[in-house]
Amino acid sequence: MQAVTLDSRRLPTVPALARILPGGGLQSGGSYAVRNSTSLAMALLAGPSATGAWCSVIGLPDFSVEAAQGFGINLERLILVPDPGSQWLTVTAALVDVVSIVLTRAPEHLAPTEWARLKARLRQRGAALITLGSWKQSDSTLGVAESAWEGLGSGTGHLRSRRMKITATQPSGRLRHAYVGLADLQGTPTGGSAPSAAYTPGAPGAPDSGTHTLFEPQLVRSS
Amino acid sequence: MTSALPALPAGSAHATRTLMFWCPDWPITAALREHALPAETPLALVDRGEVFACSPAARQDGVKRGLRIREAQARSTNLVPLPYDPSLDERTFEPVTTAVETIMPGVQVVRPGLCAVRAKGPSRYYGSESEAARVVFRTLAAMGLTDVRIGIADGPFAAEQAAKATDQLDDDVEQLLVIPAGRSAWFLGSYPLEILEQPKLTVLLKRLGIRSLGDFAALRASDVRNRFGIEGALAHRQASGLDHRSVVARTPPPHLDTVADFEPPLARIDQLAFAFRSRAGEFVDTLREAGLVCTALHVSLHTESGEASERRWQHPRWFDADDVVDRVRWQLQGTNASDHGLTSGITRVQVVPEIVENLSDHADGLWGTGPDEGIHHGLARVQSMLGHGAVLTAIVAGGRLLADRRVFVPWGDAPAGQQQAAAVPLKDRNQPWPGRLPGPAPATVHAEPVPAVVVDSRGNTVDVDARGLLSADPAFFSTGPDGGRHAVHSWAGPWPINERWWDRKGRVLDRFQLVDQSGSAWLLLLEDHAWWVEAGYD
């Protein structure tokens with residue numbers, strides 16, 4: 001991929017996600033799509049925000065700032081534009097100029113020339129674009145393939161922790177995945193044992209698609 | 001010996017002829033005007049638990065300065081205690097000073113309520129000193145100030161004492177006392193030493209058998225200077241009616257506000273923005289010439305039919321001309337037509353700076369002021385595209401429902417990290433808030449509630465009765481208009497929330513957490529037998 005050249009700079013990324021992203025983390029000038037999880041997008045924002053970068057959220061009126069704070073996003077440096085209306089592209093381009101990372105809903109339609117110009121701007125400014133919802137033109141697509149919550153019974157308890165299988169797909173079809181807990185994404189490691197395991201499909205003996213159970217990452221590593 | 005002593009200030013031969021006007025109990029007058037209280041209110045201004053000033057009505061009840069507030073309230077049961085605010089005195093006295101400056105130049109504000117003017121010029125212009133004083137009386141009476149005392153004497157000290165001595169005059173004559181030139185020493189002669197306000201000197205002189213200013217003035221100046229030093233010599237000069245102080249006139253502050261009148265009235269926003277642009281530029285330039293920048297301003301718009309729209313605008317850095325025009329435009333646009341409520345053309349736009357700061361505090365560094373400047377320019381661009389309220393920063397506040405816990409502040413309304421400026425008083429998130437959500441916060445909180453359906457295994461809607469008991473375990477649910485039907489994997493609830501049961505606006509609802517078979521979690525509300533999605537853990 002052209003976006004992942006050697007001289008491209010890397011933005012700080014939560015370790016759990018850094019291992020499955022191409023190039024070992026968020027690249028400045030890169031664009032990423034997050035298919036189905038706002039939490040995952042927040043985790044991507046959290047890395048740069050923790051180092052003092054400005055973040056921006058465009059066109060997501062349902063974005064929960066409390067959860068964002070839980071992920072370690074600095075609210076004082078978080079700009080929200082809940083309703084850009086018909087000026088999505090102008091607003092996004094204006095914010096790409098000034099902030100380091102932009103989270104936005106994937107546009108309905110974007111002409112290839114407009115996308116090329118936005119892309120050039122991203123690379124020039126060293127910002128990264130994260131879109132919520134699948135978007136084919138992005139450098140990498142992340143998503144939660146499987147998810148399980150702990151703490152809830154039938155009528156008892158409350159949601160405590162979540163384990164997810166996160167996949168990262170590149171346009172070439174390369175797929176990586178990792179098993180992480182919600183606490184890993186929030187930057188609070190759970191302890192000594194490595195909670196996540198990443199592998200590439202090209203590795204010998206590794207099963208390709210995740211039909212295994214979610215709570216046995218050891219099984220994956222040993223195989 | 002004498003040569004070793006420091007020299008006295010020059011100009012001691014002639015004291016400056018001074019007109020001193022005094023508005024007694026100015027803090028009380030200011031507070032009555034500010035709070036729109038009737039003049040006969042028994043009012044006391046309280047400073048650190050003690051009465052600082054009190055109105056005549058309160059004084060009649062026995063309240064006096066220095067009394068503890070509880071004691072004062074016991075003496076005057078209808079007493080209205082208000083905190084003493086020195087800035088209020090100065091603010092309300094400013095129009096008085098300005099009014100006097102229009103009729104005679106060179107006004108020195110000794111303190112709010114007491115002003116000195118050089119008497120020489122006005123007395124020649126108006127014919128005599130007492131005529132000049134009458135002009136001041138008339139000017140201040142036109143502003144509604146009737147209780148004004150004026151003293152004219154040699155030097156500010158004697159003039160102040162003369163103004164205070166008008167207490168001895170009858171109520172029906174005008175409160176004016178003119179001490180003829182050269183007679184100030186005689187006038188001051190009978191006063192006790194305490195009015196010099198030099199306690200150590202007073203005690204010493206009293207031990208020497210000197211009890212009045214006249215006795216003190218009778219001593220030889222060189223003897224006083226040798227014995228009491230420079231302070232004593234200056235006090236001696238005051239007592240002799242040769243005041244070393246002169247009247248130091250203030251420079252009237254420049255007019256920083258700007259007004260634009262439009263004739264014929266302007267009906268369109270772009271017309272107004274265009275017509276006001278040059279005026280906004282002048283406004284910013286005037287500030288810059290004064291070495292100031294404006295960080296908060298007040299915009300008032302007046303229409304042909306007499307309506308007015310007023311609003312205060314803040315700026316995270318400082319206003320330049322485009323920013324001022326933008327604020328005027330936003331105030332007019334609002335979010336909808338009813339917001340500003342103006343129905344006819346704009347005739348007048350007034351911009352008053354509310355907070356000005358020194359330009360040097362805001363000057364750009366040699367290599368710029370870092371990334372925040374760029375941030376601000378970019379966001380101001382987006383704001384001028386979408387409107388002021390479209391670019392937000394967020395604060396997490398207290399509350400039980402998730403929508404209550406986030407508060408949005410338009411960019412620029414409150415400086416980052418300063419929460420007091422939010423439009424609504426913020427609830428403290430550190431309070432316990434019983435009933436708030438435990439565990440990790442959901443990532444999606446719906447701004448508008450999304451309807452949901454929750455049914456049990458037989459297909460009946462799940463409900464909660466008056467005792468908080470569930471009709472049946474939830475088995476299936478669907479969210480949103482097009483959300484598919486999910487089977488419940490695990491669930492918890494109902495968690496009752498009974499907010500402000502005494503208030504009609506309070507809400508009574510039950511909260512549920514549901515996880516479907518695919519491992520997605522939802523937070524649902526049951527309010528008044530209807531199900532809503534509050535949030536999603538996606």
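Below is a short write-up of the structure. In this text the structure is predicted, and so the values were computed from the model without any measurement.

## Here's the deal with the overall build of chain A
Right, so step 1: Counting secondary structure elements, chain A contains seven helices and eleven strands.
Right, so step 2: With 223 residues in all, chain A has 54% of them scored as buried.
Right, so step 3: The long-range fraction of contacts in chain A, counting pairs at least 24 apart against all pairs at least 6 apart in sequence, stands at 60%.
Right, so step 4: Total accessible area on chain A stands at roughly 9300 Å², and carbon and sulfur atoms take up 51% of it.

## Things to note about the interface of chain A and chain B
Right, so step 1: At the junction of the two partners, chain A supplies 46 residues and chain B supplies 46 residues.
Right, so step 2: Buried surface at the junction of chain A and chain B, both sides included, amounts to about 3700 Å², of which 62% is carbon and sulfur.
Right, so step 3: Counting the contacts that link chain A with chain B gives one salt bridge.
Right, so step 4: A salt bridge links Glu66(A) to Arg405(B), with the nearest nitrogen and oxygen atoms 2.9 Å apart.

## So, helix α11 (residues 221-239) of chain B
A turn of α-helix holds 3.6 residues, and therefore any two residues three or four places apart point the same way.
Residues and elements named next belong to chain B.
Right, so step 1: With 19 residues, α11 extends only 11 Å from end C-alpha to end C-alpha; this falls clearly short of the ideal 27 Å at 1.5 Å per step.
Right, so step 2: The set of residues buried in α11 consists of Val224, Arg225, Phe228, Gly229, Gly232, Ala233, Leu234, Ala235, His236, Arg237, Gln238 and Ala239.
Right, so step 3: Buried residues in α11 make contact with α7 (155-165), α8 (184-188), α9 (199-207) and α10 (213-218).
Right, so step 4: Phi turns positive, to about 80°, at Gly241, one or two residues after α11.

## Quick look at the packing of aromatic side chains
Right, so step 1: Applying the stated rule across the entire model yields eleven aromatic pairs over all chains.
Right, so step 2: Note on Trp149(A) and Tyr537(B): the rings are 5.2 Å apart at their centroids and 75° apart in plane angle, and the pair reads as edge-to-face. Of the two residues, Trp149(A) is situated in strand β8 (residues 140-152) and Tyr537(B) in strand β20 (residues 530-537); the pairing between them involves two chains. Residues Trp149(A) and Tyr537(B) agree in their burial class; the two are buried.
Right, so step 3: When the centroid spacing of 6.4 Å and the interplanar angle of 70° are considered together, the rings of Phe477(B) and Trp522(B) count as edge-to-face. One end of the pair, Phe477(B), is in strand β16 (residues 476-479); the other, Trp522(B), is in strand β19 (residues 521-527), and 45 residues separate them in sequence.
Right, so step 4: If you follow Arg65(B) out to its NZ or CZ, it ends over the ring of Phe52(B), 4.7 Å from the centre.
Right, so step 5: Above the plane of the ring of Trp186(B) lies Arg183(B), whose end atom (NZ or CZ) is 4.6 Å from the centre.

## Remarks on unusual backbone geometry
Residues and elements named next belong to chain B.
Right, so step 1: Of note, the amide linkage connecting Glu263 to Pro264 takes the cis form, showing an omega dihedral of 0°.
Right, so step 2: In this structure, Pro264 sits in strand β9 (residues 258-266).
Right, so step 3: Cis geometry is adopted by the peptide bond preceding Pro494, which originates at Gly493 and carries an omega value of -10°.
Right, so step 4: Inspection of the secondary structure assignment puts Pro494 in strand β17 (residues 485-498).
Right, so step 5: The phi dihedral of Arg500 is positive, around 50°, even though this residue is not glycine.
Right, so step 6: Note on placement: Arg500 falls in the loop between β17 and β18 (508-516).
Right, so step 7: In this structure, Asp528 takes a positive phi of about 55° despite not being glycine.
Right, so step 8: Tracing the sequence through the fold places Asp528 in the loop between β19 and β20.

## Thoughts on the pairing of strand β5 (residues 107-111) of chain B
Residues and elements named next belong to chain B.
Right, so step 1: Alignment of β5 against strand β6 (residues 114-118), held across four bridges, turns out to be antiparallel. Bridging across to β6, Val109 finds its partner in Cys115.
Right, so step 2: Counting the residues that bridge the hairpin from β5 to β6 gives two residues, and of these Gly113 lies at a positive phi of roughly 105°.

## What about helix α4 (residues 86-103) of chain B?
Residue and element names in this part refer to chain B.
Right, so step 1: The terminal C-alpha atoms of α4 lie 27 Å apart, and with 18 residues this matches the ideal 26 Å at 1.5 Å per residue to within 8%.
Right, so step 2: Along α4, the sharpest kink reaches roughly 30°, centred on Phe93 and followed within four residues by the proline Pro95.
Right, so step 3: Looking only at α4, the buried set comprises Leu88, Asp89, Thr92, Phe93, Val96, Thr97, Ala99, Val100 and Glu101.
Right, so step 4: Residues of α4 that are buried make contact with β1 (17-22), α1 (26-34), β5, β6 and α6 (129-142).

## So, the environment of Leu88(B)
Residues and elements named next belong to chain B.
Right, so step 1: Considering the arrangement of structural elements, one finds Leu88 in helix α4.
Right, so step 2: The sequence separation of Leu88 and Glu34 amounts to 54 residues, and the corresponding C-alpha distance is 8.2 Å.
Right, so step 3: When neighbours within four sequence positions are excluded, Leu88 is seen to be in contact with Ala30, Ala31 and Glu34.

Reading the values: the criteria
- Residues numbered from 1 in each chain as written.
- Chains lettered and ligands numbered in written order.
- Predicted model: local features only at pLDDT ≥ 70, side-chain atom pairs only at ≥ 80, totals over all residues.
- Heavy atoms only, no water.
- Helix = DSSP H or I, 4+ residues; strand = E, 2+ residues; numbered from the N terminus.
- Buried < 20%, exposed > 50% of the residue type's maximum accessible area, 1.4 Å probe, protein only.
- Contact = heavy atoms within 4.5 Å.
- Areas by Shrake-Rupley, 256 points an atom, 1.4 Å probe, with all protein chains shown as cover.
- Buried area = accessible area lost by both parts, 1.4 Å probe.
- Salt bridge = Lys/Arg side-chain N within 4 Å of Asp/Glu carboxyl O.
- Expected span 1.5 Å × (residues − 1).
- Phe/Tyr/Trp six-rings, centres within 6.5 Å; stacked < 30°, edge-to-face > 60°.
- Lys NZ or Arg CZ within 6 Å of the ring centre and 35° of its normal.
- Pairing = 2+ DSSP bridges.
- Bend = angle between axes of the 7 residues up to and from the residue.

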